[in-house]
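What follows is the residue order along each chain.
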Amino acid sequence: MARTLKKVGERGWGITIFAFGYLAFLYAPMLVLPLFSFADQTIFRFPIEKFSTRWYEEIANRPEMLGALWNSLIVGVIASLAATLLGLLAAKAITRYAMPGKNVALGLISMPLFIPEVLLGLALLIILNVAHIPLSLMTIAAGHVMLCTPFAMAVLIARMDGFDKSLEEASLDLGESGWMTFWRVTFPLIAPAVVSSLLLTFIVSFDEFLLAFFLQGNEMTLPLYIWGQLRFPSNFPPVLALGTCILLASCILVVFAEWLRQVGAPKDRPSVGVGG
Amino acid sequence: MVAGLAAPLAIMLLYSFWRQDGPNVDTTLTTFNYEYALTKYYPIFLRSLWISGLVTLATVLLAYPIAYYVAFHVKSYKFVWLILLTIPFWTSYLLRVFAWRIILARDGVINGTLQGTGLIDEPINWLLFSDFAIVLTLAHAWAAFAILPIYVSLEKVDRTLLEAGADLGDGPVRSFWRITFPLSLPGVISAITLVFVPTIGDYVTPDLVGGPRGGMIAKMVYNSFKGNDWPLAAATAILSMIFVASIAFLLIQLLRKSIVDPLGAFVIAVAIAVSVYFASFVLTLVRANVPEGTPAIAIVLVLAILFVVGVYYTVIALRAALGRS
Amino acid sequence: MTDSDYIRIEHVTKRFGAFRAVDDAEFAIQQGEFFSLLGPSGCGKTTLLRMIAGFEFPTDGEIYIDGQPVTGVPANKRPTNMVFQSYAIFPHLNVYDNIAYGLRKLKLSKAELDKRVGEALEMIKLSGFEGRKSDQMSGGQRQRIALARALINRPKVLLLDEPLGALDKKLREQMQFELRQLQKTVGITFIFVTHDQEEALSLSDRIAVMQKGKVLQIASPRELYESPNCREVADFIGTMNFMRGSVKAIDGKTAVVDVEGLGLVNAPLPEDYSFAPIGAEVLIGARPEKLDVVRGAPHPGEKGVKGDIGACAYLGDRNHYQVTIAGRAEPLQVATEQGDRSTLASFSPGEHVTVSWGDNSLVLLPKD
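Calculation rules
- Residues numbered from 1 in each chain as written.
- Chains lettered and ligands numbered in written order.
- Predicted model: local features only at pLDDT ≥ 70, side-chain atom pairs only at ≥ 80, totals over all residues.
- Helix = DSSP H or I, 4+ residues; strand = E, 2+ residues; numbered from the N terminus.
- Buried ≥ 20, exposed ≤ 12 C-beta atoms within 10 Å, placed from the backbone.
- Contact = placed C-beta atoms within 7 Å.
- Domains from an automatic or database assignment.
- Pairing = 2+ DSSP bridges.
- Axes fitted to C-alpha atoms, helices over the stretch in contact; angles between N-to-C directions.
- Expected span 1.5 Å × (residues − 1).
- Bend = angle between axes of the 7 residues up to and from the residue.
- Nonpolar A, V, L, I, M, F, W, Y, C, P; charged D, E, K, R; others polar.
- Core = buried A, V, L, I, M, F, W, Y, C linked by C-beta atoms within 7 Å.
- Parallel < 35°, antiparallel > 145°, perpendicular 65-115°, else oblique.
- Left-handed = near helix turned anticlockwise from the far one by under 90°.

Enquirer: I keep staring at the overall build of chain C and nothing clicks. Help me out?
Expert: When helices and strands are counted, chain C shows eight helices and 20 strands. Principal axes of the C-alpha set define a box for chain C whose edges measure 75 × 45 × 35 Å. Evaluated residue by residue, chain C yields a buried proportion of 39% over its 368 residues. Of the contacts made within chain C by residues no fewer than 6 positions apart, 64% connect residues no fewer than 24 positions apart.

In structure tokens form, the structure reads like this:
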């Protein structure tokens, strides 16, 4: 082993350089945005002549943008709460009960991960139309719940599978009902996963464009607003300023959510973020 | 929840067999929309397949070394690396795509820098509004979906196997190809699945950086929807869903197989990729010569047969090349 | 079945699909008894325990606890408490809250709660650890907390699912002793599941040996060891030489059996010897330590057979020999005590010896 390790160590320079190069590739676009948000110009081109915080001050003068931000927050909160609740029920049903058609249900619930969003959007739009439900922020939220539930479920199932089922049995054995067992044992143990599910589903909903595009009524969410402004570069710098703020906020949220996942995860298993 | 998902899809299915007649919808059942969509849109299906294939290839090829680096070279800051690699995924997709526009534009960051340093005189035109831009942007956007599964499978590789390999006389390169790589294939195939399926249905990137002819499946569905022909849009959507779902199904089967027989699964994956491109090549050759009025289903059938035959013979050829019976 | 039966298992069967995890179990346990379910993993012992606890429900049959049928009653309504194999100490609660967990429903005053938890902690010698979290406790301490948490509810029956399996050998032996003391002090009926035959023998009043879902024999440790009722039980508990033979005659309380390699022997008849009519094929069992190796003639009053020493093993307090005898393919296993000075003899491979046995050391068993 010493031999292998040493050799790998000796040859490690190439891959280390690649790794940092890759990080640069990942972060380049994320650095361009803040950079131009501080540039005192409306065209996105180097060299930047003068830096200012003008666009940040400008944010306050865009009621439409702030309205869209507010709408996105509302939709995000509703979608993350509902998706996490549904995810919790689904995770409990899947990890704790042997029910017929479990795999079919699991497959259907996970489907939004595997079918293009444009189809989900169209399908939902058709059924809303058939049912004569007017489009609004709530229809966007409903679409987001469908999209987010599989994410919530993945996070929660991982956690519920991760802890010893005899803990719940012990509680039942000590005389507690099913509901009290959930409240006194299960919930405290999966609380970190619930919080990280809330955060992740919120971010997914907050950032979602295409479903919202199909399901929007009169009110816009932030991605819809940004989409609209893309055609007008001169209007765009304040969007970049707001985007930079949101970027910062979501970085903090993600780090916090990941940290929670690590804290909440069973100690003996490796665990990683999305898709793992 | 399950009903909430199944009902819209069922209604869409019904819609796809109706027909738009001016402002009204004719509810007599017909397969017209399917025939129309197939004949008119199959180049877009193939184009989407081609672009998504390139995206997947680029993403996985770039992701593997990074996952390998974190799994085997990073000793004490794995967690930090994993977070660093995931963060971009969680930030606004639209803004990231827009950032690539700034970077790749004709007067953008790259062209500006290159011209400023005198390396080129004229701006490079193919950077933005091109397939290159789509592939680059998507490879950036879906990086985390490729890195994480590969990382997980690499992390699971029992380190004593590598010691055994070294003990039996393998150098680092040989033991990588003989031990680490085969054992990481389930991760690679799940990365392929997780990148391919969402990118083939992506709307934003092809529209924003792909230029006027950059549209893929989502654009096609959206266009028929915008043309106020909902039944056609529904049929197109269902065709796309069948298309994407069968690819996803294939990939998931491969994933299952790769856990038992990694190399065998790899051979089949390569064979499928080769055959898809073979079939689309044949299609472009014969397209000009197909007589007017040939039913779409005939074209689909011919393609399917070509595809199956292609897979069969490529598998045989690859197996022979690898010395497996 | 009598009225004094505290727990009754009546024709209990548990099927998972076509698989019978527990197959027609039928027995009774007395109040205050230390009763063990012993068997290899997958024999159904844990399933049976979980049915008594109320985590699984029988496919067929009835379970009674203290005269009450409990078959359909869920775990939280049964007068039983369990010590889990993993101990299932709640990781988010400290020692105090773990132990007090089951008392919430009684709505005790804080002082009363403190008193009962204090007593329980004293019982398990962990006073002063109230505020500790479970991950700060060692395996042995967690095991005791699990015991206290179950016993504080004063259950009618305490169920223990391999509670000592996770402990190292020294600690396990100490805990066995403590467990037995505790059971005598509290006087609660214990049902103890284990795959460790020594553990079962040293702890239990009675043991049910299970295999492939069936209860093979229920008896006291001594009876199980001395007179197993079938080859499986004899094989599972300790080691035994099995020899094929056929019954030649029944003479009062002994059977005359013609055994391969040994010739005619007199084996004591078991209680139920219906399997051994004259002429029947049977097995004769002999524990290695009930046989002896001598030079020359067998011990007085015993019978003997000539053989050759094969392999020898020195085990500290004992010597193990394999002795090859004519007319038998497998060598006989013989264990001799090391400490006995009068027979301080050791033998070398190839040596010509006599294996000596007394009639009472033989066990008559049905032929599979």
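Enquirer: What's the story with the arrangement of the chains in this structure? I'm lost.
Expert: The protein chains that touch form two pairs of chains, and the pair with the most contacts between them is chains A and B. Chain B makes no contact with chain C; the smallest distance between any of their C-alpha atoms is 23 Å.

Enquirer: Please explain the domain arrangement of chain B as it appears in this structure.
Expert: Note on interface size: it is often stated as the accessible area lost on association of the parts. Residues and elements named next belong to chain B. For chain B, the assigned domains are domain 1 (31–258) and domain 2 (261–325). Relative placement of domain 1 and domain 2: their C-alpha centres are 22 Å apart. Across the contact, 15 residues belong to domain 1 and 16 residues belong to domain 2. Taken together, the elements giving at least two residues each to the side of domain 1 that touches domain 2 come down to α2 (32–73), α9 (172–200) and α12 (230–260). Sort the elements by how many residues they give to the side of domain 1 that touches domain 2 and α2 lands first, with six residues.

Enquirer: How do you make sense of the sheet that holds strand β10 (residues 214–219) of chain C when you look at a structure like this?
Expert: Hydrogen bonds between backbone groups are what pair the strands of a sheet, and the pairing can be parallel or antiparallel. Residues and elements named next belong to chain C. With respect to topology, six strands assemble into an open sheet ordered β6-β7-β8-β3-β9-β10, the strand pairing being mixed. The sheet is open, and its two borders are formed by β6 (80–83) and β10, each paired with just one other strand. When the angles between neighbouring strand axes are averaged without regard to direction, this sheet yields 20°. Pairing of β6 with strand β7 (residues 157–161) involves four bridges; the strand directions are parallel.

Enquirer: Hey, could you run me through helix α7 (residues 137–162) of chain A in this one?
Expert: Since the α-helix advances by 3.6 residues per turn, residues separated by three or four positions end up pointing in the same direction. All names here are of chain A. The end-to-end C-alpha distance of α7 is 36 Å, a good match for the 38 Å that 26 residues give at a rise of 1.5 Å each. If you look at α7, its biggest bend is around 35°, right at C148, and the proline P150 turns up within four residues after that. Burial runs high along α7: 21 of the 26 residues are buried.

Enquirer: What's the story with the sheet that holds strand β5 (residues 68–69) of chain C in this structure? I'm lost.
Expert: All names here are of chain C. Pairing is antiparallel across the open sheet formed by four strands, whose spatial order is β2-β1-β4-β5. Only two strands of the sheet have a single partner each, and these edge strands are β2 (19–30) and β5. Across the face of the sheet, helix α1 (residues 45–53) comes into contact with β1 (5–16), β2 and β4 (60–65) while running at roughly 60° to β2.

Enquirer: Can you help me understand the interface of chain C and chain A in this one?
Expert: Each partner contributes residues to the interface: chain C has 16 residues there, and chain A has 14 residues. For the side of chain C that touches chain A, a count of residues per class yields eight nonpolar, six polar and two charged.

Enquirer: Explain the pairing of strand β19 (residues 352–357) of chain C to me, please; I cannot follow it from the model alone.
Expert: Remark: a regular strand shows side chains that alternate across the two faces of the sheet. All names here are of chain C. Among the six residues of β19, five are classified as buried, and the element is accordingly described as predominantly covered. Bridge count for strand β15 (residues 292–294) against β19 is three bridges, and the pairing is antiparallel. When the bridges of β19 are listed, V294 appears paired with T354. As paired elements, strand β16 (residues 303–314) and β19 share six bridges and run antiparallel to each other.

Enquirer: Where do I start with the interface of chain A and chain B in this structure?
Expert: Listed per partner, the contact involves 68 residues of chain A and 75 residues of chain B. Looking at which element gives the most residues to the side of chain A that touches chain B, the answer is helix α2 (residues 12–37) of chain A, with 16 residues. For the side of chain A that touches chain B, a count of residues per class yields 51 nonpolar, ten polar and seven charged.

Enquirer: Got a minute to help me understand the nonpolar core in this structure?
Expert: Side chains of nonpolar character tend, in soluble globular proteins, to be buried together. Among the nonpolar cores identified, the biggest contains 180 residues, and L122 of chain A together with A63, A67, A146, I147 and V221 of chain B are the most heavily contacted of them. The element best represented in this core is α2 of chain B, accounting for 16 residues. The residues contacting A146 of chain B, other than those within four sequence positions of it, are T59, V60, A63, A191, L194 and V195 of chain B. Counting 103 residues, the second-largest nonpolar core is a separate cluster that includes M51, I63, I284 and L362 of chain C.

Enquirer: Got a minute to help me understand the domain arrangement of chain C in this structure?
Expert: Residue and element names in this part refer to chain C. The assigned domain composition of chain C is domain 1 (5–232) and domain 2 (239–366). Averaged C-alpha coordinates put domain 1 and domain 2 at centres separated by 39 Å. Listed as interface residues are five residues of domain 1 and, on the opposing side, six residues of domain 2. Here the residues of the side of domain 1 that touches domain 2 sort into two nonpolar, two polar and one charged.

Enquirer: Explain the environment of L127 of chain B to me, please; I cannot follow it from the model alone.
Expert: Residue and element names in this part refer to chain B. Relative to the assigned elements, L127 resides in the loop between α5 (109–116) and α6 (131–141). With 21 C-beta atoms packed within 10 Å, L127 lands in the buried category. Taking the C-alpha atoms as reference points, L127 and T180, separated by 53 residues in sequence, lie 36 Å from one another. Setting aside residues no more than four positions away along its own chain, L127 makes contact with L104, I110, N111, F132 and A133.

Enquirer: Can you help me understand the packing of α2 of chain B against helix α7 (residues 143–156) of chain B in this one?
Expert: Axes are the key here: two packed helices are described by the angle between their axes and the distance separating the axes. Residue and element names in this part refer to chain B. The interhelical angle for the contact between α2 and α7, taken along N-to-C directions, is 45°, at an axis separation of 8 Å. As summarised for this structure, α2 and α7 are arranged oblique, according to the angle between their axes. In this structure, α2 crosses over α7, and the sense of that crossing is right-handed. In contact with T59, V60, A63, Y64, I66, A67, Y68, V70 and A71 of α2, α7 contributes A143, A146, I147, I150, Y151, L154 and E155.

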